[in-house]
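# Examination of the molecular architecture
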There are 2 protein chains.
Amino acid sequence: MAKRLKSTPKADGYRMPAEFEEQEQVFMLWPERNDNWRNGAKPAQKAFGDVAMAISQFEPVTMLASPGQYKNVLKRLPPEIRVIEMTSNDAWVRDCGPTFIKNDEGDLRAVDWEFNAWGGLVDGLYFPWDQDEMVAQKLCEVENVDSYKTKGFVLEGGAFHVDGEGTVLTTEMCLLSKGRNPHMTKTEIEDMLKEYLNAEKVIWVKDGIDPDETNGHIDDVACFVRPGEVACIWTEDENNPFYKVAHETYEFLLRQTDAKGRRLKVHKLDLPKEAVKYTGEEDIDYVEGTIPREAGEVCIASYMNFLIVNGGVVIPQYGDVNDELAIKQVQEMFPEREVVGVFTREIVYGGGNIHCITQQMPKRG
Amino acid sequence: MAKRLKSTPKADGYRMPAEFEEQEQVFMLWPERNDNWRNGAKPAQKAFGDVAMAISQFEPVTMLASPGQYKNVLKRLPPEIRVIEMTSNDAWVRDCGPTFIKNDEGDLRAVDWEFNAWGGLVDGLYFPWDQDEMVAQKLCEVENVDSYKTKGFVLEGGAFHVDGEGTVLTTEMCLLSKGRNPHMTKTEIEDMLKEYLNAEKVIWVKDGIDPDETNGHIDDVACFVRPGEVACIWTEDENNPFYKVAHETYEFLLRQTDAKGRRLKVHKLDLPKEAVKYTGEEDIDYVEGTIPREAGEVCIASYMNFLIVNGGVVIPQYGDVNDELAIKQVQEMFPEREVVGVFTREIVYGGGNIHCITQQMPKRG
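Reading the values: rules and limits
- Residues numbered from 1 in each chain as written.
- Chains lettered and ligands numbered in written order.
- Predicted model: local features only at pLDDT ≥ 70, side-chain atom pairs only at ≥ 80, totals over all residues.
- Heavy atoms only, no water.
- Helix = DSSP H or I, 4+ residues; strand = E, 2+ residues; numbered from the N terminus.
- Buried < 20%, exposed > 50% of the residue type's maximum accessible area, 1.4 Å probe, protein only.
- Contact = heavy atoms within 4.5 Å.
- Areas by Shrake-Rupley, 256 points an atom, 1.4 Å probe, with all protein chains shown as cover.
- Lys, Arg positive; Asp, Glu negative; His and termini not counted.
- Charge placed at Lys NZ, Arg CZ, Asp CG, Glu CD.
- Pairing = 2+ DSSP bridges.
- Axes fitted to C-alpha atoms, helices over the stretch in contact; angles between N-to-C directions.
- Core = buried A, V, L, I, M, F, W, Y, C linked by side-chain atoms within 4.5 Å.
- Buried area = accessible area lost by both parts, 1.4 Å probe.
- Salt bridge = Lys/Arg side-chain N within 4 Å of Asp/Glu carboxyl O.
- Polar contact = N/O pair within 3.5 Å; in protein donor to acceptor, adjacent residues only side chain to side chain.
- Nonpolar A, V, L, I, M, F, W, Y, C, P; charged D, E, K, R; others polar.

Below, the discussion takes up the overall build of chain A. Within chain A, the secondary structure is distributed over 11 helices and 17 strands. Projecting the C-alpha coordinates of chain A onto the three principal axes gives extents of approximately 50 × 50 × 40 Å. For chain A, buried positions account for 65% of its 365 residues. Considering only residue pairs separated by 6 or more positions, chain A has 75% of its internal contacts joining residues 24 or more positions apart. A total accessible area of about 13,400 Å² is found for chain A, and carbon and sulfur atoms account for 48% of it. Taking the average location of the 41 positive side-chain charges in chain A and that of its 63 negative ones, the two points are 3 Å from each other.

Right, here's the structure in full:
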């Protein structure tokens with residue numbers, strides 16, 4: 001088996017590359033929970049397939065699928081997608097998967113964060129999460145990548161972004177939440193990020209836009225576009241449910257400097273004009289304790305939840321009047337990349353989007 | 001996903017390397033069926049682990065394990081064994097796994113034979129076998145190996161041996177059995193072997209020693225030691241249950257020439273002196289249709305079911321007076337390799353031995 005290392009990435013000279021650095025492949029997990037994905041997960045499976053195909057225009061995609069769905073996945077996906085058996089509790093490989101790190105020789109390792117379904121027994125989103133907890137290690141075995149397990153330290157990949165040059169972007173709402181590491185101070189948590197992502201500075205955004213689901217993951221709010229530049233959600237509509245967070249975060253980021261001392265350039269990325277809401281047609285299995293999906297309830301729809309890939313950016317589309325604007329704005333941020341939109345309303349109904357359902361593995365060497 | 005090819009290995013210049021050619025790794029499947037492996041499969045798991053460790057002295061081993069057993073396997077095996085999630089119906093990767101083939105450039109592909117649990121609805125050993133049927137393709141996805149599927153042609157890896165130079169060794173008892181390809185003539189079956197293993201000559205041994213289980217797999221009876229040389233089971237005890245097959249096969253092989261026209265040199269490998277029998281202590285779950293395990297019934301114990309690995313040979317030991325003799329005889333056949341015995345009585349109770357529970361992947365390049 002791949003080694004489980006007792007030291008830390010920083011001690012061993014491994015750092016998390018930024019998403020915009022070169023990648024080897026992208027992992028995804030096939031959705032099938034009927035208590036999360038409406039209508040037997042069939043519409044979500046279609047959307048996940050569309051995302052996989054969009055990414056595979058740029059680089060290889062490996063889809064992880066349960067034994068029960070394996071043949072179905074092979075049949076539904078085009079031949080260029082690799083399909084590997086992997087049992088999970090749901091389909092959020094950004095959060096339960098490994099965070100890959102790299103040293104100056106180009107060797108890969110991974111951080112295997114403790115995963116507790118976004119809050120464990122305090123405010124986690126499902127129980128149990130035992131299979132999700134094993135995804136990172138199983139992937140490391142498949143890819144022969146040694147890993148560091150942060151035993152007792154809970155974190156998800158969607159809770160932070162890095163610029164690859166020493167800066168981490170995260171939110172207080174998530175990392176200081178009661179369901180993750182309540183035994184640790186903010187300083188201790190910051191030290192863990194610095195040690196395991198090999199960073200020098202953590203920029204603490206206050207809030208995310210989904211307090212009830214991921215407790216405010218950064219990947220719906222802001223991200224690095226390149227060193228010294230970030231994107232931030234934006235709206236001028238005071239009635240937009242995310243207006244307050246958008247403005248607070250934008251103003252905050254404008255005042256920040258990164259680990260290299262650069263003042264951040266902040267790009268605005270407009271939110272969808274119309275809030276995406278549950279329609280009342282969500283036919284979802286009942287499970288005690290899961291969050292109900294009431295008609296009219298606002299979903300966490302943000303164009304920010306895109307994935308940067310080799311030569312491209314794959315971004316959510318909602319059938320909203322701002323879809324085109326989002327593509328235009330992202331294209332301006334990444335003039336050297338091709339921006340591809342994928343209609344992912346079904347993924348939002350399940351609680352996330354493109355960034356949440358993908359995990360990039362950097363290029364070795 | 002790895003490609004599914006429509007042509008044939010012979011047409012594309014791929015041949016099955018002999019087991020004594022250089023290998024990259026060996027695959028195994030973790031046992032857990034309580035209706036096959038006695039006492040909750042725990043003694044068998046111990047024995048499989050011992051086999052894995054013996055092989056890993058010589059080359060890497062990947063253990064395939066069900067989601068339910070995954071953590072347990074990681075815990076029970078030493079860190080050098082790679083563990084990958086894979087669901088199966090039982091633990092015979094020689095038979096349900098891929099047969100790897102190689103071209104002159106050193107590229108690997110695989111043959112994915114149709115698998116029906118050694119006889120399907122005619123005289124198969126369990127039902128269903130749907131998960132076993134997927135093992136070959138799943139492994140090809142993990143290892144990024146393109147494959148040929150012999151749709152409608154049933155075969156198992158334990159049913160044949162090759163010398164890597166155009167010769168196949170098999171049995172009529174198995175390949176002409178009613179449960180596999182009754183719609184095909186012997187010539188048609190021979191043509192399939194030649195086409196998919198890329199061979200010129202098939203040597204048809206008449207019988208194997210387990211008509212009721214695998215219908216007489218060759219890998220309990222004879223194998224290639226090197227080009228032009230085979231090993232054959234042997235006993236001078238007329239009361240040995242396998243006496244007749246041993247003598248018939250030995251006499252038959254002495255008269256054979258291989259694809260290159262060489263007359264075969266035949267090495268004798270003695271059988272255990274005392275037949276291995278079920279003890280009556282087999283606490284096995286009842287499942288309708290499976291073969292009962294009666295106290296006193298003879299198990300298929302043969303030293304022939306060894307595995308050749310890089311620089312070594314891993315052979316079964318039974319606690320029999322002939323254990324040492326078998327090691328000595330195999331050492332004489334392979335003077336350049338280290339011969340390692342593993343106590344595998346528990347594996348025999350489940351219906352096979354070291355060769356049946358392993359599948360080698362040749363070295364690329």
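More follows now that the structure is in view.
Residue and element names in this part refer to chain B. Taken in spatial order, the four strands of this open sheet run 4-3-2-17, and their pairing is mixed. Each having just a single partner strand, strand 4 (82-85) and strand 17 (358-362) make up the two edges of the open sheet. Between one strand axis and the next, the sheet turns through 25 degrees on average, direction left out of account. Direction of pairing for strand 2 (residues 23-29) relative to strand 3 (residues 61-65): parallel, over a ladder of four bridges. The residue bridging Met28 from the neighbouring strand is Met63, located in strand 3.

In this section: the nonpolar core. Ranked by internal contacts, the top residues of the largest apolar core, which has 112 residues, are A:Met28, A:Ile55, B:Met28 and B:Ile55. Those residues in contact with B:Met28 that lie beyond four places of it in its chain are B:Phe48, B:Val51, B:Ala52, B:Ile55, B:Val61, B:Thr62, B:Met63, B:Leu64, B:Val93, B:Ile357 and B:Thr358.

Each partner contributes to the interface: chain A provides 21 residues, whereas chain B provides 22 residues. On the chain A side of the interface with chain B, the three residues burying the most area are A:Met1, A:Arg82 and A:Glu85, jointly 30% of the side's total. Taken together, chain A and chain B are joined by two salt bridges. Residues B:Lys138 and A:Glu85 are paired through a salt bridge, measuring 2.6 Å at the closest nitrogen-oxygen approach. Applying the counting criterion to the chain A and chain B interface returns 12 residue pairs in polar contact (both at pLDDT 80 or more). Looking at the side of chain A that touches chain B, the elements that each hand over two or more residues are helix 3 (70-76), strand 4 (82-85) and helix 6 (130-143) of chain A. Top contributing element to the side of chain A that touches chain B by residue count: helix 6 of chain A, with six residues. Residues belonging to the side of chain A that touches chain B are distributed by class as follows: 11 nonpolar, four polar and six charged.

This part covers unusual backbone geometry. Backbone torsion omega between A:Phe127 and A:Pro128 reads -5 degrees, so that peptide bond is classified as cis. Along the polypeptide, A:Pro128 turns up in the loop between helix 5 (120-123) and helix 6. Of note, the phi angle at A:Asn215 is positive, near 60 degrees, even though the residue is not glycine. Structurally, A:Asn215 is set in the loop between strand 10 (201-205) and strand 11 (222-226). On the basis of relative accessibility, which here comes to 5%, the residue A:Asn215 falls in the buried class. For B:Asn39, which is not glycine, the phi dihedral falls at a positive 55 degrees. One can find B:Asn39 in the loop between strand 2 and helix 2 (42-56). A relative accessible area of 35% means that B:Asn39 is categorised as partly exposed.

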